[in-house]
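Understanding the architecture of this molecule
One-letter residues, chain by chain:
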Amino acid sequence: MKRALITGVTGQDGSYLAEFLLGKGYEVFGLRRRTSTPNYENVQHIKDKIHWISGDLTDLASLIEAVRISDPDEVYNLAAQSFVAASWPQPITTGHITALSVTNMLEAVRLIKPEARFYQASSSEMFGKVVETPQKETTPFYPRSPYGVAKVYGHWITVNYRESFNMFACSGILFNHESPRRGLEFVTRKVTDAAARIKLGLQSKLHMGNLDALRDWGFAGDYVKAMWLMLQQDEPQDYVISTGEMHTVRELLEIAFSYVGLDYKDYVVIDPEFVRPAEVDLLLGDCTRAKEELGWKLEVGFKQLIHMMVESDLKKAEVEAKL
Ligand code: GDP
């Protein structure tokens, strides 16, 4: 039976990955950070199947202990300060967690179980002010936020440990990936939640930022399979994972609101609070390498994804409306 250690297991991607690995018969170990009010919402249904280990990404000793206890064949480093907008007001925290902690995790693996395979959650935000379109593995990075800058560090330190210590370390450059488990501050979930709540009379307006931004949005459940596939190859490599399709925030609004029979223009208010100091105008991925080498394929398209998210938010809003 294979053993996997996942950081960020209570997040969107961690929960889908844990489900997927449990389905494959893995022993799954999840790192959890102590908080006074823990949030297990995404993993409630599998909470008893995960072996929980307390630790913190910024505390190397706790990571060494986590690797020792879990004795993993595979390590998935998904934990981060993952919200771009929060990285301007908290650039140093973002640097500690999203950048330097990758080295903590790599060091823990190198010292205790160097033969374990390592996955680093890299991000299309590294492409930022894009220098070519579509973006692929060889496209130079031009990050546009403290988050993007931190992810570039995480990416290169992973490559460096592969080249320096011959570790099986891979970096997955994932474009935006969403689901009903996406945090409410991200634009997709913010919009699908608002469409549902406005439909049920629980909310009247939706405050938004730049509606012209273009993103390549896929389904998180499809993307975690690519993470696993990367660690099953003969050689470690970095891969772009994307849909190869892009849509504006405006189209997202259109699809979500029309699904509940509303016109978003009646509810959306443009609010400077949600406009970013530096914007990533466009992201579009070319995942040819992943398709050819990993045999990875996409199952859920954009419209289907947004409908799935609105459906799920309608169910939650119905419960709230009855209270
Ligand atoms: P990101 O690509 O990782 O930054 O993912 P987000 O879901 O946070 O944002 C995607 C895009 O939506 C960015 O270009 C944002 O500027 C844009 N956007 C427009 N209005 C909003 C908003 O109200 N909230 C968020 N999170 N993003 C918004």
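Preceding block: the structure.
Residues numbered from 1 in each chain as written. Predicted model: local features only at pLDDT ≥ 70, side-chain atom pairs only at ≥ 80, totals over all residues. Heavy atoms only, no water.

Excluding glycine, most residues fall at negative phi; most peptide bonds, likewise, are trans. Following Thr133, the chain continues to Pro134 via a peptide bond in cis, the omega torsion being 0°. With respect to the helices and strands, the residue Pro134 is situated in the loop between β5 (117–123) and α4 (146–165). For Asp71, which is not a glycine, the phi torsion comes out positive at approximately 45°. Among the secondary structure elements, Asp71 is positioned in the loop between α2 (60–70) and β4 (74–77). Given a relative accessible area of 37%, Asp71 falls into the partly exposed group. Its identity as a non-glycine residue notwithstanding, Asn166 has a phi of 60°, on the positive side. Summarising the element assignment, Asn166 is placed in the loop between α4 and β6 (169–174). (Helix = DSSP H or I, 4+ residues; strand = E, 2+ residues; numbered from the N terminus. Buried < 20%, exposed > 50% of the residue type's maximum accessible area, 1.4 Å probe, protein only.)

With that out of the way, let us pick up the sheet that holds strand β1 (residues 3–7). With respect to topology, seven strands assemble into an open sheet ordered β3-β2-β1-β4-β5-β6-β11, the strand pairing being parallel. Only two strands of the sheet have a single partner each, and these edge strands are β3 (51–54) and β11 (239–241). Sheet twist, expressed as the average angle between the axes of neighbouring strands with direction ignored, equals 25°. As paired strands, β6 and β11 are joined by three bridges and run parallel to one another. Among the inter-strand pairings, Ile173 is bridged to a residue of β11, identified as Val240. Its contacts with the sheet put helix α6 (residues 220–230) on β4, β5, β6 and β11, and the angle it makes with β6 is roughly 160°. (Pairing = 2+ DSSP bridges. Axes fitted to C-alpha atoms, helices over the stretch in contact; angles between N-to-C directions. Contact = heavy atoms within 4.5 Å.)

Soluble globular proteins tend to pack their nonpolar side chains together in the buried interior. In terms of nonpolar packing, the biggest core is built from 75 residues, with Leu21, Tyr76 and Phe257 touching the most fellow members. Residue contributions to this core peak at eight residues, all from α6. By size, the runner-up hydrophobic cluster in this structure holds 21 residues, among which are Val67, Val75, Leu106 and Ala108. (Core = buried A, V, L, I, M, F, W, Y, C linked by side-chain atoms within 4.5 Å.)

This part is about helix α3 (residues 91–112). Across its 22 residues, α3 extends 31 Å between first and last C-alpha, which sits within 8% of the 32 Å expected from 1.5 Å per residue. Largest kink in α3: about 40°, centred on Leu100. If you check which residues of α3 are buried, you get Thr94, Thr98, Ala99, Ser101, Val102, Thr103, Asn104, Met105, Leu106, Glu107, Ala108 and Val109. For α3, the elements touching its buried residues are β1, α2, β4, β5 and α4. (Expected span 1.5 Å × (residues − 1). Bend = angle between axes of the 7 residues up to and from the residue.)

By secondary structure assignment, the location of Thr103 is in helix α3. Residue classification places Thr103 among the buried positions, given a relative accessible area of 15%. Here Tyr153 takes part through its side chain, which lies 2.8 Å from a polar atom of the side chain of Thr103. If near-sequence neighbours (up to four positions away) are discounted, Thr103 is found in contact with Tyr153, Ile157 and Tyr161. (Polar contact = N/O pair within 3.5 Å; in protein donor to acceptor, adjacent residues only side chain to side chain.)

Bringing the site of the ligand into the picture now. Around the ligand lies a shell of 19 residues, among which Val187, Lys190, Arg215, Arg276 and Glu279 are the nearest. With respect to the ligand, the side chain of Lys190 contributes an N or O atom lying 2.7 Å from an oxygen atom. In the environment of the ligand, an oxygen atom lies 2.8 Å from a nitrogen or oxygen atom belonging to the side chain of Arg215. When isolated, the ligand has an accessible area of 530 Å², and the protein chains bury 97% of it. (Near = heavy atom within 4 Å. Areas by Shrake-Rupley, 256 points an atom, 1.4 Å probe, with all protein chains shown as cover.)

Moving on, we get to the pattern of salt bridges. Per the counting criterion, the structure on display carries 16 salt bridges. Here Glu107 and Arg110 are joined by a salt bridge, their closest N and O atoms 2.7 Å apart. Separated by three residues within a single helix, Glu107 and Arg110 lie in helix α3, roughly one turn from each other. Glu107 sits in the buried class, given a relative accessible area of 18%. Overall, the relative accessible area of 28% leaves Arg110 in the partly exposed class. A salt bridge links Arg250 to Asp212; its shortest N-O distance comes to 2.6 Å. Here Arg250 is found in helix α7 (residues 249–259), whereas its partner Asp212 is found in the loop between β8 (206–208) and β9 (214–215), with 38 residues between them in sequence. Taking relative accessible area as the criterion, Arg250 reaches 34% and is therefore assigned partly exposed. Several salt bridges share partner residues, and in doing so they unite Glu125, Arg215 and Glu279 into one network. (Salt bridge = Lys/Arg side-chain N within 4 Å of Asp/Glu carboxyl O.)

No statement about biological role is implied by the geometric values presented.
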